[in-house]
Amino acid sequence: MTDQAAPAPRPHLVDKERTGVIDWSSGPRRFVMLYLPLSIFVIVLLFPFYWMAITAIKPNGELLDYKNNNPFWVKSPTLDNINKLLFQTDYPQWLLTTMTVATVATALSLFASVLAAYAIQRLKFKGSNYVGLAIYLAYLVPPSILFIPLATLIFQFGLYDSQLALILTYPTFLIPFCTWLLIGYFKSIPYELEECAMIDGATRLQTLWKITLPLALPGLISAGIFAFTLSWNEFIYALAFIQSAEKKTVPVAVLTQLVEGDVYHWGSLMAGALLGSIPVAILYSFFVDYYVASMTGAVKE
Amino acid sequence: MTIAAEARPTPQPTQSWLVRLFDYKPFLIFICLLPALGLLLVFLSYPLGLGVWLAFTDTRIGRSGVFIGFENFESLWHDPVFMTSVWNTLLYTGVATVGKFGLGLWLALLLNNNLPFKSLLRALILVPWIVPTVLSAIAFWWIYDPQFSIISYVLVDVLGWRDTYIDFLGSPWPARWSLIAANVWRGIPFVAISLLAGLQTISPALYEAAMLDGANAWQRFRHVTLPMLMPILAIVLTFSVLFTFTDFQLVYAITRGGPINSTHLMATLAFQRGIPGGQLGEGAAIAVAMIPFLVMATLFSYFALARRKWQQGEDND
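What you see is a predicted model, and the numbers here were worked out from it, not measured in a lab. (Residues numbered from 1 in each chain as written. Chains lettered and ligands numbered in written order. Predicted model: local features only at pLDDT ≥ 70, side-chain atom pairs only at ≥ 80, totals over all residues.)

### Details of the overall build of chain B
And then number 1: Helix and strand content of chain B: 14 helices and zero strands.
And then number 2: Relative to the globule expectation of 20 Å for 317 residues, the C-alpha radius of gyration of chain B, 27 Å, shows a markedly less compact shape.
And then number 3: Counting only C-alpha atoms and orienting by the principal axes, one finds that chain B spans roughly 100 × 70 × 40 Å.
And then number 4: Taken across its 317 residues, chain B has 41% of its residues classed as buried.
And then number 5: If you take every contact in chain B between residues at least 6 apart in sequence, the share linking residues at least 24 apart comes to 69%. (Helix = DSSP H or I, 4+ residues; strand = E, 2+ residues; numbered from the N terminus. Rg over C-alpha atoms; globule rule 2.2 N^0.38 Å. Buried ≥ 20, exposed ≤ 12 C-beta atoms within 10 Å, placed from the backbone. Contact = placed C-beta atoms within 7 Å.)

This is the structure:
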């Protein structure tokens, strides 16, 4: 009796669950099980950035006095820290260096990756699968293992303390990633299109340039912005291969040049971190979907 | 007839030898692979080999070394700082991976519901992963400040749960947990968004079938979601373990291995000994000591993945 009566009062539950996705009914339960943890996740994940931003615009008096000021808010915002950063340090120079290195390394990697992916995926040859596998394995070699021998190599080549050292070493982690992503994109383009072009008398390189590449444009954009972000964020090579203060990249310079002795100027440090994050954040906001595509694409392939 | 002949002159005579060379397949393959493989061979494969060689020499900066066999490894074996760094690396990788995957999977399951502003949410959640790690590590450094930590402020002055401010980075164990927390924070977005992509490929029909068979929410998760997610989980796990194990930036930015070398990971110790310390041979030996762990982790997840694929094939067909 009770056994049969029990399911009767909650038919809505069955209705909801028929959608397939796990759906925790509605009302308070949904709030506690879904919206509450979700908002805690979002707050915790974003809080450090809020804290970075609010610290960057706090005057020193408020920054170090929690008793009289609410630390979560700023009463009299100031641009002093940002001003100091832009006009009394080499910050603009660091930004320019980072931008140049990231752009050139990305262009170089894309060029090499497009050709390699085309050769592996389209010009099928004996052992092309093994070349693809070797390039994938190269992605699994972390920079932490390579930086010491690379430093000696860079020194022998006379590239130490130059932008070229970074431009030539960043492709070691960009090419495997981009090639792998582009192979996936090339696979999705019907080969018949290229055959048609070649029957019409186009050479293979013309086909690549005029047919395949325009069709693979979303893949190129994904790989490009992702490679740019990775080079912008790179740290260990830039730390090991660059010595002069004015030639450093933003992540390294903020950590090594803005920290002076034991007194930490948290305001300008946070301003430096914030400004260094903004370029990638802007790029990211325009191309969110490409980021997600390249990230999940790289994992799926 | 003449029109056709004019419109389509046979292309062969007009092509120079260069064009024909570039259409010659073996040559084209060689040219296409040259930039990528050239760069990778010179700046990746060769340094990898060179690193192994350096590990067996006593090279210092400015002086090329001689072969000394296993001396570097022997001295490291008796070096308490190195042994601490190995232990730290294992602890850091183990705990942070469990944290990242537990919380990341939870977040992915939450995001897999019907939600308003879903794409905006997804975009916001990925932000910690996009921003340069060092720069967010600096924010954590400030959050962990002994005097002005916002966490301490909330615990002491707002909630009144504690009487004193926490000294996050001043002693070994709190410093280790602080670093692990920062690493988990940094890793959750990648895990969550990758697993979300995996979750979205699971057909709702499977859940319907499970529900018809009377499976409850936990059983559906255990017997439908988890097995279907396993292939992508294994790959994400491999990458995550690989990059957590060789992590350098977070520790270097927040503690630089301190206090008293108690939070060094193998990567930061290799850097400290190799570059500022000038002992390239010893630094390379520490880096090389990471390789067996990495190979083991990769093989483990590769075989876990292969086994799962086989199981799934059997289950589905």
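### Some words on helix H12 (residues 204-215) of chain A
All names here are of chain A.
And then number 1: Taking 1.5 Å of rise per residue, the 12 residues of H12 would be expected to cover 16 Å, and the 15 Å separating its terminal C-alpha atoms lies within 8% of that figure.
And then number 2: Looking at H12, one finds that the buried residues are Arg204, Thr207, Leu208 and Thr212. The buried side chains of H12 occupy one side of the element, clustering within an arc of 95° when seen end-on. Seen from the open side of H12, the exposed residues pointing more than 90 degrees away from its buried face are Lys210 and Pro214. (Expected span 1.5 Å × (residues − 1). Arc of directions from axis to C-beta.)

### Thoughts on the nonpolar core
And then number 1: Counting residues in each nonpolar core, the largest one holds 164 residues, and the members touching the most others are Ala116, Leu182 and Met270 of chain A together with Ile138, Ala192 and Ile254 of chain B.
And then number 2: Of all the elements, helix H6 (residues 91-121) of chain A adds the most residues to this core, at 14 residues.
And then number 3: Looking at which domains feed residues into this core, each of domain 1 (6-56) and domain 2 (89-300) of chain A supplies at least three.
And then number 4: Residues contacting methionine 270 of chain A, with those up to four places away along its chain left out, are Met52, Thr55 and Ala56 of chain A together with Ala139 and Trp142 of chain B. (Core = buried A, V, L, I, M, F, W, Y, C linked by C-beta atoms within 7 Å. Domains from an automatic or database assignment.)

### Considering unusual backbone geometry
In most cases, non-glycine residues show a negative phi, while peptide bonds are predominantly trans.
Residue and element names in this part refer to chain B.
And then number 1: Here the phi dihedral of phenylalanine 117 falls at roughly 55°; this positive angle occurs in a residue that is not glycine.
And then number 2: Looking at where phenylalanine 117 falls in the secondary structure, it is placed in the loop between helix H5 (80-111) and helix H6 (118-130).
And then number 3: Within the chain, asparagine 261 stands out as a residue other than glycine whose phi angle is a positive 60°.

### With respect to the packing of helix H5 (residues 80-88) of chain A against helix H16 (residues 266-286) of chain A
A packed helix pair is summarised by two numbers, namely the angle formed by the two axes and the spacing between the axes.
Residues and elements named next belong to chain A.
And then number 1: Contact pair H5 / H16: the axes reach a minimum separation of 8 Å and the direction vectors enclose 70°. Considered as vectors, H5 and H16 are oriented roughly perpendicular to each other. Contacts between H5 and H16 involve Asn81, Ile82, Lys84 and Leu85 from the former and Gly267, Ser268, Ala271, Gly272 and Leu275 from the latter.
And then number 2: Across the contact of H5 with H16, the residue classes tally to four nonpolar, four polar and one charged. (Axes fitted to C-alpha atoms, helices over the stretch in contact; angles between N-to-C directions. Parallel < 35°, antiparallel > 145°, perpendicular 65-115°, else oblique. Nonpolar A, V, L, I, M, F, W, Y, C, P; charged D, E, K, R; others polar.)

### So, the interface of chain B and chain A
And then number 1: If you look at the interface, chain B gives 80 residues, while chain A gives 79 residues.
And then number 2: At 16 residues, the largest contribution of residues to the side of chain B that touches chain A is made by helix H3 (residues 25-55) of chain B.

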